[in-house]
Amino acid sequence: MSERAGVDGDALVAFTQALVRIPSVHDPERGWNEEPAAELVAEQMRVFGWTPEFDVVAPGRPNVIAVVDGDGPGPTLMFEGHTDVVTEGDGWTVDPFGGEVRDGRLWGRGSADMKGGLAAMLYATDALVRRGSFPGRVVLAALVDEEGMMAGAKHLVASGRTDGVDAAICCEPEGGEVCHVAKGALRLRVELTGKMAHGAMPFQGRNPNRAVGSAIAALAELERDLHVRFGEHPHLGRVWVTPTVLRSGEAVQMNVMPATASVWVDVRTIPAVDHDELVDELTAVVVRAAADHGITVEVEIIDDRPAVATPEDHPLVRALLDAHGAVTGQPARLGGVPGATDGTVITSRGGVPSVVYGPGGKWIAHQADEFVEIDDLLAHAAVYTAAADRFLRSGPP
Ligand SMILES: [Zn+2]
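Residues numbered from 1 in each chain as written. Predicted model: local features only at pLDDT ≥ 70, side-chain atom pairs only at ≥ 80, totals over all residues.

## Examining helix 1 (residues 9-20)
Stated precisely, the cut-off is as follows: Every helix listed is a DSSP run of H or I at least four residues long, and every strand listed is a run of E at least two residues long, numbered separately from the N terminus. By this rule, a helix spans an expected 1.5 Å times one less than how many residues it contains. Note on burial: count the other C-beta atoms lying within 10 Å of the residue's C-beta; 20 or more is buried, 12 or fewer is exposed, in between is partly exposed, and C-beta positions come from the backbone. The directions from the helix axis to the C-beta atoms form the arc being described. Any two residues are considered in contact once their C-beta atoms, placed from the backbone, lie within 7 Å.
Compared with an ideal rise of 1.5 Å per residue, which puts 12 residues at 16 Å, helix 1 spans 17 Å between its outermost C-alpha atoms and is within 8% of the ideal. Leu12, Val13, Phe15, Thr16, Leu19 and Val20 are the residues of helix 1 that are buried. Here the buried residues of helix 1 occupy an arc of 165 degrees about the axis, which is enough to place them on one side. Here the buried face of helix 1 lies against strand 2 (7-8), helix 2 (35-47), strand 6 (101-102), strand 7 (105-107), helix 3 (111-131) and helix 9 (374-392).

## Focus on the sheet that holds strand 13 (residues 240-248)
Definition in use: Between any two strands, at least two bridges found by DSSP are needed for them to pair. Axis definition: a line fit to C-alpha positions, over the contact stretch in the case of helices; interaxial angles, taken between N-to-C directions, run 0 to 180 degrees.
Strand order in this open sheet of four strands is 13-15-11-16, and the pairing throughout is antiparallel. Bordering the open sheet on either side are strand 13 and strand 16 (296-305), each of which pairs with just one other strand. Taken over all neighbouring pairs, the strand axes of this sheet differ in orientation by 20 degrees on average, direction set aside. Pairing of strand 11 (residues 184-193) with strand 15 (residues 260-269) involves 10 bridges; the strand directions are antiparallel. Bridge pairing in strand 15 links Glu191 to Ser262. Across the face of the sheet, helix 5 (residues 208-230) comes into contact with strand 11, strand 13 and strand 15 while running at roughly 170 degrees to strand 13. With respect to the sheet, helix 6 (residues 275-291) is in contact with strand 11, strand 15 and strand 16, its orientation differing from that of strand 16 by roughly 155 degrees.

## Looking at the environment of Tyr384
Relative to the helices and strands, Tyr384 is located in helix 9. Considering only alpha carbons, one finds Tyr384 and Arg349, 35 residues apart in sequence, at a separation of 24 Å. Apart from residues lying up to four places away in sequence, Tyr384 is in contact with Phe79, Ala120, Met121, Ala124 and Ile169.

## Quick word on the nonpolar core
Worth spelling out the cut-off: In this usage, the nonpolar core is the set of buried Ala, Val, Leu, Ile, Met, Phe, Trp, Tyr and Cys residues whose C-beta atoms join them within 7 Å. Residue ranges for the domains trace back to a domain assignment, done automatically or taken from a database.
Formed by 120 residues in total, the largest nonpolar core has its most connected members in Leu140 and Ala215. Sort the elements by how many residues they give to this core and helix 9 lands first, with 13 residues. Each of domain 1 (3-182 + 308-392) and domain 2 (184-305) gives at least three residues to this core.

## Structural notes on the domain arrangement of the protein
Put simply, the test is: Asp, Glu, Lys and Arg are counted as charged, while Ala, Val, Leu, Ile, Met, Phe, Trp, Tyr, Cys and Pro are counted as nonpolar; the rest, among them Gly, fall into the polar class.
Domain annotation of the protein identifies domain 1 (3-182 + 308-392) and domain 2 (184-305). Of the residues lining the interface, nine residues belong to domain 1; the matching set on domain 2 comes to seven residues. Among the elements that take part in the side of domain 1 that touches domain 2, strand 18 (residues 333-337) stands out by supplying three residues, more than any other. Of the residues contributing to the side of domain 1 that touches domain 2, the split by class is five nonpolar, four polar and no charged.

## Description of helix 2
The terminal C-alpha atoms of helix 2, which comprises 13 residues, lie 18 Å apart, in line with the 18 Å expected from a rise of 1.5 Å per residue. When helix 2 is considered as a whole, its buried residues turn out to be Ala37, Ala38, Leu40, Val41, Ala42, Gln44 and Met45. Looking at the buried side of helix 2, the elements it contacts are helix 1, strand 4 (61-69), helix 3 and strand 8 (137-143). One or two residues past the end of helix 2 sits Gly49, with phi positive at roughly 95 degrees.

## Some words on the sheet that holds strand 7
The strand order across the open sheet formed by three strands is 6-7-20, and the pairing between neighbours is antiparallel. With one partner strand each, in any of the chains shown, strand 6 and strand 20 (371-373) form the two edges of the open sheet. With three bridges connecting them, strand 7 and strand 20 associate as antiparallel partners. Opposite Trp107, over in strand 20, you have Phe371 as the bridge partner. Sheet strands touched by helix 9: strand 6, strand 7 and strand 20. Its angle to strand 20, the strand with the most contacts, is close to 65 degrees.

## Examining the packing of helix 1 against helix 3
Applicable threshold: An angle counts as roughly parallel when it lies under 35 degrees, as roughly antiparallel when it exceeds 145, as roughly perpendicular when it falls between 65 and 115, and as oblique in every other case. With the far helix as reference, a near helix turned anticlockwise by less than a right angle produces a left-handed crossing, and one turned clockwise produces a right-handed crossing.
Here helix 1 crosses helix 3 at 135 degrees, and the two axes come no closer than 9 Å. In terms of orientation, helix 1 and helix 3 fall into the oblique class. Two packed elements cross with a definite hand, and for helix 1 against helix 3 that hand is right-handed. Here Ala11, Leu12, Phe15, Thr16, Leu19 and Val20 of helix 1 lie close against helix 3, whose contacting residues are Ser111, Lys115, Gly116, Leu118, Ala119, Ala120 and Tyr123. In terms of residue class, the contact of helix 1 with helix 3 is built from nine nonpolar, three polar and one charged.

## Observations regarding the packing of helix 5 against helix 6
In the contact formed by helix 5 and helix 6, the axes pass within 8 Å of each other and the chain directions differ by 140 degrees. If you check the angle between helix 5 and helix 6, you find them oblique. As helix 5 packs across helix 6, the resulting crossing turns out to be right-handed. Across from Ala211, Ser214, Ala215, Ala218, Leu219 and Leu222 in helix 5, the residues of helix 6 making contact are Leu282, Val285, Val286, Ala289 and Ala290. Looking at the contact of helix 5 with helix 6 residue by residue, the class counts come to 10 nonpolar, one polar and no charged.

## A short note on the pairing of strand 10 (residues 177-182)
Across the six residues that make up strand 10, a large majority, six, are buried. Sheet analysis places strand 10 next to strand 18, joined by five bridges and oriented parallel. Counted as the bridge partner of Val181 is Gly336 from strand 18. Of the pairings in the sheet, the one linking strand 10 to strand 17 (residues 308-309) comprises two bridges and is antiparallel in character. From the neighbouring strand, Val181 faces strand 17, where its bridge partner is Ala309.

Structure (structure tokens):
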């Protein structure tokens, strides 16, 4: 395999394989977490001559951070990746943690999402250093819990690690698109409270289940209304309001009208939508629907990830577009991230503009027989090196 833009391709593939072979699913029952993958990342950082630091987010769940200083004043660029992967699940025709290379592809859970991207950012930074001097600095962040509540990214921001960072590349698989916008997400729990009663005497109670039906119909109405108001974003599509989980009553007590029922709602938004206003509106809609049944409502916000956007003319967006074109010979495409990533937290909470760009297909994440194309992996590493070089030379700060 060749060296592209000074990236050691063979070593990059071997390191990605080693990462995939570590089952870094956060699964306390199986005794699995991110720690061994974080240690492997830190070990490779030391080989490159950097000094990794561990920020322990939770027991067995450390973020790994390394700062690589250039040779003079200049901007600070962060590369971000996550060490956790989702559970392997069923339906695999290859070993999910085998890291097998076959047919020009590297197979396994996390190969695309996102151990390939994580490995690429390390080897790209090493190539940048070996090319000669550069201004500013590169910060490498390998975080935990992206697939959960993004505790790693939240910890990164809260502990001041994003202070002074001018822009961040999140190395998630986006199929070659330079994603400067990402969809927002709200996770809500709607609790409906009525009054318990015997099924033989329902008139003595107030049934929250009837209110669930009305509430779900009202949410569909709200979604239609949001479609009219906000239309379709060119990279992110529409706003979605999806009831995902219902819980109420007990199957063994089918003669009992329960006192409470819960509906979990997954809301996906675009940058034009203000989350606080939307939660207020959604709450009002559900309260009205439930009131007809004498049911009271409380809405709990479980997670709030606003949609984020970095301007198309931001120096990092330009650097990635130019570098992608130069390395691959193909014109770069702008795109949007359909879900939230650590970049969402880094931008919304840390105030750092982020762009998501990384090896692997956009839709392969979390599926059985996940893979990353070797060519794609090498090309992205080369683009990272070239984009970092362009961005760091783009001037102050
Ligand atoms: Zn990911």
